[in-house]
Amino acid sequence: MVTLAEVAQHAGVSASTVSYVLSGKRSISTTTRQRVEQSIRELGYHPNAGARALASSRSNIIALMVPLRTDMYVPVMMEIAIAVATTARTHGYDVLLLTGEEGPDAVRRVTGSGLADAMILMDVELDDERLPLLRGTDQPSVLIGLPADTSGLTCVDLDFKATGALCVEHLAMLGHRDIAVIGEAPAVYERHTGFAERTLDGLRSRAQELGVRLLHRPCEGGYDAMAVTLARILDERPGTTGFVVQNESAVEPLLALLRQQGRAVPEDVSVVAVCPDQVAVQASVRLTSVAIPAQEMGRHAVERLVAKLDGRGTDEVVLLAPELTVRASTGPAPSGSS
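Let me begin by describing the structure that accompanies this report. All values derive from a computational prediction rather than experimental measurement.

On to the overall build of the protein chain. In terms of regular secondary structure, the protein chain is built from 14 helices and 12 strands. Over its C-alpha atoms, taken along the principal directions, the protein chain stretches across nearly 85 × 40 × 35 Å. Burial analysis of the protein chain (338 residues in total) assigns 50% to the buried set. Residue pairs at least 24 apart in sequence account for 71% of intrachain contacts in the protein chain once pairs closer than 6 positions are excluded. Side chains of the protein chain give 31 positive and 41 negative charges; the mean places of these two sets differ by 5 Å.

Take helix α14 (residues 294-309) next. Relative to the 22 Å expected for 16 residues at 1.5 Å per residue, α14 spans 23 Å between its end C-alpha atoms, a close match to the ideal helical length. Where α14 is buried, its residues touch β1 (61-65), α5 (74-90), β3 (118-121), β4 (141-144), β5 (155-158) and β11 (317-320). With its phi angle positive at about 80°, G311 sits one or two positions after the end of α14.

The next thing to look at is the pairing of β3. Of the two faces of β3, both are covered, the one formed by A118 and I120 as well as the one formed by M119 and L121. Note: β1 against β3, 4 bridges, orientation parallel. Residue pairing for β3: M65 is matched across the bridge by L121. Sheet analysis places β3 next to β4, joined by 3 bridges and oriented parallel. Opposite M119, over in β4, you have S141 as the bridge partner.

Within the structure shown, the criterion is met by 1 aromatic pair. Centre to centre, the rings of F160 and F195 are 5.6 Å apart; their planes meet at 55°, and the pair counts as tilted. Taken together, the positions of F160 in helix α8 (residues 160-173) and F195 in helix α10 (residues 194-210) put the pair 35 residues apart, joining distant regions of the chain.

Turning our attention to the nonpolar core. Residues I80, I120, I144 and L203 are the most contacted members of the largest nonpolar core, which totals 49 residues. It is α14 that provides the largest number of residues to this core, a total of 7 residues. Sequence-distant contacts of I144, defined by excluding residues within four places in its chain, comprise I80, V84, I120, L121, M122, D123, V124, V156, M297, G298 and A301. Counting residues in each nonpolar core, the second largest holds 26 residues, with I182, L215, L257 and C275 among its members.

Attention now goes to the environment of S249. Along the polypeptide, S249 turns up in helix α12 (residues 248-260). When the C-alpha positions of S249 and M226 are compared, they lie 9.3 Å apart, and in sequence the two are 23 residues distant. The residues contacting S249, other than those within four sequence positions of it, are E220, G221 and G222. Of note is the side chain of S249, whose polar atom sits 2.8 Å from the side chain of N247.

If you trace the 6 strands from one edge of the open sheet to the other, you get β2-β1-β3-β4-β5-β11, paired in parallel fashion. The open sheet has two free edges, formed respectively by β2 (94-98) and β11, since each of these has just one partner strand. Strand-to-strand, the axes of this sheet are offset by a mean angle of 20°, without reference to chain direction. Pairing geometry for β1 and β2, over 5 bridges, is parallel. Considered in β2, the bridge of I61 is made with D94. Relative to the sheet, α14 contacts β1, β3, β4, β5 and β11, its axis offset from that of β4 by approximately 165°.

Rules used throughout
Residues numbered from 1 in each chain as written. Predicted model: local features only at pLDDT ≥ 70, side-chain atom pairs only at ≥ 80, totals over all residues. Heavy atoms only, no water. Helix = DSSP H or I, 4+ residues; strand = E, 2+ residues; numbered from the N terminus. Buried < 20%, exposed > 50% of the residue type's maximum accessible area, 1.4 Å probe, protein only. Contact = heavy atoms within 4.5 Å. Lys, Arg positive; Asp, Glu negative; His and termini not counted. Charge placed at Lys NZ, Arg CZ, Asp CG, Glu CD. Expected span 1.5 Å × (residues − 1). Pairing = 2+ DSSP bridges. Phe/Tyr/Trp six-rings, centres within 6.5 Å; stacked < 30°, edge-to-face > 60°. Core = buried A, V, L, I, M, F, W, Y, C linked by side-chain atoms within 4.5 Å. Polar contact = N/O pair within 3.5 Å; in protein donor to acceptor, adjacent residues only side chain to side chain. Axes fitted to C-alpha atoms, helices over the stretch in contact; angles between N-to-C directions.

Structural measurements only, silent on function.
Written out as structure tokens, the structure reads:
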């Protein structure tokens, strides 16, 4: 391994000068700094992480708190996590992944140990127990998600309220007057998870404005749970011709059950999903959908966190506008259904 002394010899400077270039603790002339940086690149020098942390009082690590719950669609969570890690690396940071359901204890562990310079929190609830601790610490943080009260916080998320409204608007424009929403697992709503609650808020408020009847039913996902949920929906609202699905594990079971019942998509019923594009295009019927911009969410979160670490960031809420892509699963409501 290349040593700091070898970098100094290659650049023709003292070892302390190389150290100052790495830590930024002293002002070094542009010419000297560039010479040192060139030597670092040519020799492939990587400073020892522990020594670097001691020298700069920074670990160059970002803690990413992403509880991996069984009632959440893990591939989306991991896509966001990968986007966080790759973007962080371009800014010189590594990512410490915390996947346990520790809540406030995880925040205390990070802030009290110096494990990381900053935090990104996912799976945000409307009244998240972690937020008072974030507001009470000087350590920079960003939420991927939106709580009920965003004061003193930086948040990045898809605009899920607008997403719900967009789904209803699309189906209403096609003439559908009875719409059923197949939601996430019941536990997601019991925790008042932000994205699910905000989508539902957008769905309900826009449906009321448009004079559309809306029925929401949570679903565990999987064939058996979907069969029970669909039977309940059609028993309660037999005239339902539009479905909005915000539950990736319910998508294919729903399409299979509709086929078995002789309900053609989109001739008899239309289906809109809030899901990753990959899920939408690989379904047995290519789904009209609002995509989850996982990579954008991860990138925006890191960029705002790095700005805070550099003393440039301010508290703000960044909501990404939803985009609906029309595919094969939506069409005009059947005649006589209005």
